[in-house]
Amino acid sequence: GVTNSRGVTGGVYKTRERIHRSMLIYDYYMHFAILIYDTSESAWHTPHFQSTLIGNAFRGKLSGPWFPFKAYELVYTMIKANAQTLEPHDWGSRWYEWIVGRGKLLSAAATSEELGYTENWEISIFANPLIAVITLGSIAVSVALCMFYSRYQHIPWVKTQANRNFVGLTLLCLFGWLANLLPYTGIARSTFVYHYLPGQLYVQILSALLLDRIVNLGPGLMRNLVTSAFGKKVSDQIVLPKTMIRFGAYASLVMYGLLITALGLTWWFFTPWLYAIPLKQEQHQWRKYFLGR
């Protein structure tokens, strides 16, 4: 189809963009839906915010804030309160560790003495180190592609609606990532890896966008390069063999398969820390090696 906002391809990108935007704010809606039952630290918030909490003294007396203001107050209050907690923590980690998959926060554990045998279990909060590496690489490649698309707008095959959509979604994801990460780069208090997890969602979406973009380039990239070097007349005379097109499709399947397999194996490797599966001490140490804890 024609790559514009009125064609089939443009419609797909518009729909995809709406889906991504919905995903980015859906987690806040879910958080607020559950938060109404928590009054443990409500004193940090304004009376209007507290009125949305079940069992709070302001419940039913005031109207709750509008969703954007509620989200802003939640983030602002959290950062303000956390900035006042300056004591070091054994499980604390810094922002530059998070982006490379380091850092872990112990949530619950039982020692071998308590269990009565040689194994012990724990439940921890951490970021999958493989996902951290993939997202870090995706950030670098996506920024490079955006710079390339912006620099060479005079080339016809660069100045397309698909590329503009990709740049727009990339900037949206990078903005969401930085908006979540930057507040933790300049504070003195103890920070933990779970502070990074909301922001990592944005670059996970960015990684999927980049992979989709690379796969969709396919053999068309070669034709575009020939067009830029020798002109459209020469490019139109080139007939790409079907074997090359099939090879591109097979290569995409292999790449997807390897990526899914690697992510599955990494998830399986850290499963004991997610579901409290007992392990020997040396098995715990081997996993801690990857997270720096």
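What you see is a predicted model; the values in this text were computed from it and never measured.

**Description of the overall build of the protein chain**
Thought 1: If you tally the helices and strands in the protein chain, you get 12 helices and two strands.
Thought 2: The helix and strand sequence of the protein chain, counted from the amino end, reads α-α-α-α-β-α-β-α-α-α-α-α-α-α.
Thought 3: Sequence-distant contacts in the protein chain: of pairs separated by 6 or more residues, those separated by 24 or more amount to 63%.
Thought 4: Surface summary for the protein chain: the accessible area is close to 17,600 Å², and the carbon and sulfur share equals 67%.

**So, the packing of helix α6 (residues 129-151) against helix α7 (residues 161-181)**
Thought 1: Where α6 contacts α7, the axes come no closer than 10 Å and their chain directions differ by 135°. Relative to α7, the element α6 lies oblique. Handedness of the α6/α7 crossing: left-handed. Contacts from I139, S142, V143, L145, C146 and Y149 of α6 reach α7 at N163, F166, V167, T170, L174 and W177.
Thought 2: Class assignment for the residues of the contact of α6 with α7 results in nine nonpolar, three polar and no charged.

**Description of α6**
Thought 1: If you check α6, its first and last C-alpha atoms are 33 Å apart, about what 23 residues at 1.5 Å a residue would give, namely 33 Å.
Thought 2: Turning to α6, its buried residues number three or more, namely P129, A132, T135, S138, I139, S142, C146 and Y149.
Thought 3: With a side-chain oxygen positioned 2.9 Å from the backbone nitrogen of L130, the residue opening α6 is N128.

**Comments concerning the confidence of the model for the protein chain**
Thought 1: Across the protein chain, pLDDT averages 76, with 73% of residues at or above 70.
Thought 2: When the elements of the protein chain are averaged for pLDDT, helix α9 (residues 220-230) gives the smallest value, 50, and α6 the largest, 89.
Thought 3: Low confidence marks residues 1-10, where pLDDT is under 50. Its contacts with residues over four positions away, or in another chain, come to 16 contacts.

**Description of helix α12 (residues 281-291)**
Thought 1: Listed in full, the buried residues belonging to α12 are H284, R287, K288 and L291. Here the buried residues of α12 occupy an arc of 105° about the axis, which is enough to place them on one side. Exposed residues pointing more than 90 degrees away from the buried face of α12 are listed as E282 and Y289.

**A look at the pattern of salt bridges**
Side chains that differ in charge, positive against negative, can pair when their charged atoms come close.
Thought 1: The final tally for this structure, using the stated rule, is one salt bridge.
Thought 2: Note that E122 is salt-bridged to K104, the shortest N-O span being 2.7 Å. Here E122, found in strand β2 (residues 121-126), pairs with K104, found in strand β1 (residues 104-110); they are 18 residues apart in sequence, far enough to count as distant.
Thought 3: Overall, the relative accessible area of 7% leaves E122 in the buried class.
Thought 4: For K104, a relative accessible area of 0% gives the class buried.

**A short note on the nonpolar core**
Thought 1: Counting residues in each nonpolar core, the largest one holds 20 residues, and the members touching the most others are W98, I139, W177, L181, Y196, V203 and L206.
Thought 2: Mapped by element, the contributors of at least two residues to this core are α7 and α8 (197-217).
Thought 3: Once residues lying within four places of it in the same chain are set aside, the contact partners of W98 are S93, A132, L181, Y184, T191, F192, V193, H195 and Y196.
Thought 4: Grouped together as the second largest cluster of nonpolar side chains are seven residues, I155, V158, F166 and L210 included.

**Quick look at the pairing of β2**
Thought 1: Going residue by residue along β2, you find E122, S124 and F126 tucked away on one face and W121, I123 and I125 left uncovered on the opposite face.
Thought 2: When β1 meets β2, the two strands line up antiparallel, connected through six bridges. Each residue of the ladder has a partner; that of L105, found in β2, is I125.

**Concerning the side chain of S124**
Thought 1: Tracing the backbone shows S124 in strand β2.
Thought 2: Only 3.2 Å separates the side chain of S124 from the side chain of K104, close enough to count as a polar contact.
Thought 3: Once residues lying within four places of it in the same chain are set aside, the contact partners of S124 are K104, L105, L106, S107 and W273.

**Side note on the packing of aromatic side chains**
Thought 1: All chains considered together, the criterion is met by 12 aromatic pairs.
Thought 2: Both rings, one in W95 and one in Y96, keep their centres 5.7 Å apart while their planes meet at 80°; by these two values the pair is edge-to-face.
Thought 3: In this structure W95 comes out as partly exposed when scored by relative accessible area, which is 26%.
Thought 4: Judged by centre distance (6.0 Å) and plane angle (5°), the rings of W286 and Y289 are stacked.

**Some words on a nonpolar patch on the surface**
Thought 1: Taken together, W267, W268, L274, Y275 and I277 make up a surface patch of nonpolar side chains, about 570 Å² in accessible area.
Thought 2: With respect to the element layout, Y275 can be found in helix α11 (residues 242-275).
Thought 3: According to the relative accessible area criterion, Y275 is exposed, its value standing at 54%.

Conventions and cut-offs
Residues numbered from 1 in each chain as written. Predicted model: local features only at pLDDT ≥ 70, side-chain atom pairs only at ≥ 80, totals over all residues. Heavy atoms only, no water. Helix = DSSP H or I, 4+ residues; strand = E, 2+ residues; numbered from the N terminus. Contact = heavy atoms within 4.5 Å. Areas by Shrake-Rupley, 256 points an atom, 1.4 Å probe, with all protein chains shown as cover. Axes fitted to C-alpha atoms, helices over the stretch in contact; angles between N-to-C directions. Parallel < 35°, antiparallel > 145°, perpendicular 65-115°, else oblique. Left-handed = near helix turned anticlockwise from the far one by under 90°. Nonpolar A, V, L, I, M, F, W, Y, C, P; charged D, E, K, R; others polar. Expected span 1.5 Å × (residues − 1). Buried < 20%, exposed > 50% of the residue type's maximum accessible area, 1.4 Å probe, protein only. Polar contact = N/O pair within 3.5 Å; in protein donor to acceptor, adjacent residues only side chain to side chain. pLDDT = per-residue confidence, 0-100. Arc of directions from axis to C-beta. Salt bridge = Lys/Arg side-chain N within 4 Å of Asp/Glu carboxyl O. Core = buried A, V, L, I, M, F, W, Y, C linked by side-chain atoms within 4.5 Å. Pairing = 2+ DSSP bridges. Phe/Tyr/Trp six-rings, centres within 6.5 Å; stacked < 30°, edge-to-face > 60°. Patch = residues over 30% accessible without salt bridge, like charges linked within 9 Å, V, L, I, M, F, W, Y side chains within 5 Å.

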